[in-house]
Amino acid sequence: MSALPPTDQTCSRMRQRDIPHIAVEALLAYGRNEHDHQVGTILFFDKAARRRLERECLERVLENCLNVYAVVAGTDKIITVGHRHRRIRRHLAEPLLSLRPAGADC
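Here is a short report on the structure shown in this document. (Residues numbered from 1 in each chain as written. Predicted model: local features only at pLDDT ≥ 70, side-chain atom pairs only at ≥ 80, totals over all residues. Heavy atoms only, no water.)

Topic: the overall build of the protein
Across its full length, the protein carries three helices and four strands. In the protein, the succession of α and β elements from N to C terminus is α-α-β-β-α-β-β. Counting all 106 residues of the protein, 31% fall into the buried class. The contacts of the protein with a sequence gap of at least 6 include a subset with a gap of at least 24, amounting to 54%. When the accessible area of the protein is evaluated, it comes to approximately 7,800 Å², of which 50% is carbon and sulfur surface. (Helix = DSSP H or I, 4+ residues; strand = E, 2+ residues; numbered from the N terminus. Buried < 20%, exposed > 50% of the residue type's maximum accessible area, 1.4 Å probe, protein only. Contact = heavy atoms within 4.5 Å. Areas by Shrake-Rupley, 256 points an atom, 1.4 Å probe, with all protein chains shown as cover.)

Comments concerning unusual backbone geometry
The phi dihedral of aspartate 18 is positive, around 55°, even though this residue is not glycine. Locating aspartate 18 in the fold gives a position in the loop between α1 (8–16) and α2 (21–30).

Given below as structure tokens:
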């Protein structure tokens, strides 16, 4: 399958959810990763990843699989895969401090 070994649960979820192996391979190669706020990393296709797929002429092949995500554990195993139905919570940077000089009244 890929450099990251899937678990038994991953294989059964791929069958149950009708997610082809090529979609998971493309996620590993082109997908964006975000920390899942627990113990793993979520891989998904964002706008930049979709553009990379388009340049490689893979977007048409994966047209029905662009809403797929995969969760990878810290032990470098694919835990599960599924279809996204809502946005993925992304870790936002800390807010910028005010650019106003101290003591300035506005």
